[in-house]
Amino acid sequence: MTMNKELIDKLKLELQAEQKRLTGLLERTGKHLYRRDEPYSADFAEQAVEVENNQVVEALDAEGKTTLNEIKLALTRIDSGTYGDCTKCGSEIAAERLSAIPHVRLCIDCAKKQ
Ligand SMILES: [Zn+2]
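The model shown is predicted, which means the values in this text are computed figures rather than measured ones. (Residues numbered from 1 in each chain as written. Predicted model: local features only at pLDDT ≥ 70, side-chain atom pairs only at ≥ 80, totals over all residues.)

On to helix α1 (residues 5-35). If you check α1, its first and last C-alpha atoms are 45 Å apart, about what 31 residues at 1.5 Å a residue would give, namely 45 Å. When α1 is considered as a whole, its buried residues turn out to be L11, L22 and T29. Tucked into the core, α1 has its buried residues touching α2 (44-80) and α3 (95-100). (Helix = DSSP H or I, 4+ residues; strand = E, 2+ residues; numbered from the N terminus. Expected span 1.5 Å × (residues − 1). Buried ≥ 20, exposed ≤ 12 C-beta atoms within 10 Å, placed from the backbone. Contact = placed C-beta atoms within 7 Å.)

Let us now look at the environment of L33. With respect to the helices and strands, L33 occurs in helix α1. Sequence separation of L33 and N54 is 21 residues, and the distance between their C-alpha atoms is 7.0 Å. When near neighbours in sequence (up to four residues on either side) are disregarded, L33 contacts V57, E58 and D61.

Spanning 37 residues, α2 covers 54 Å between terminal C-alpha atoms, matching the ideal 54 Å at 1.5 Å per step. Immediately beyond the C-terminal end of α2, within one or two residues, lies G81, with a positive phi of roughly 80°.

This next bit is on the environment of C107. Its location among the elements puts C107 in the loop between α3 and α4 (108-113). When the C-alpha positions of C107 and K72 are compared, they lie 18 Å apart, and in sequence the two are 35 residues distant. Beyond its immediate sequence surroundings of up to four residues, C107 is in contact with C86, C89, S91 and I93.

Laid out in structure tokens, this is it:
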């Protein structure tokens, strides 16, 4: 059974919007992390805050990159007509699951086994 085209179109728009948002976010985190080469503040308390901020930004950056990559793969699957199929077992991913996480690539059973 092929997926509902209206749903795919809707999710595609969501994926593209998220792709745009993440690209903007990664531009900011990238700039922030690049600037990190500047010396830390002399003040020890301020240093601690800066290090903590960098860790938060690094986590955001890494997470953003991973998600952005998943989104690109999902958009490729939409174009090739395999969107909505589990990339592991090939069975159809539930529409509710795709609506909740449009870039998801595993069906619920495979996700549970991981
Ligand atoms: Zn599966």
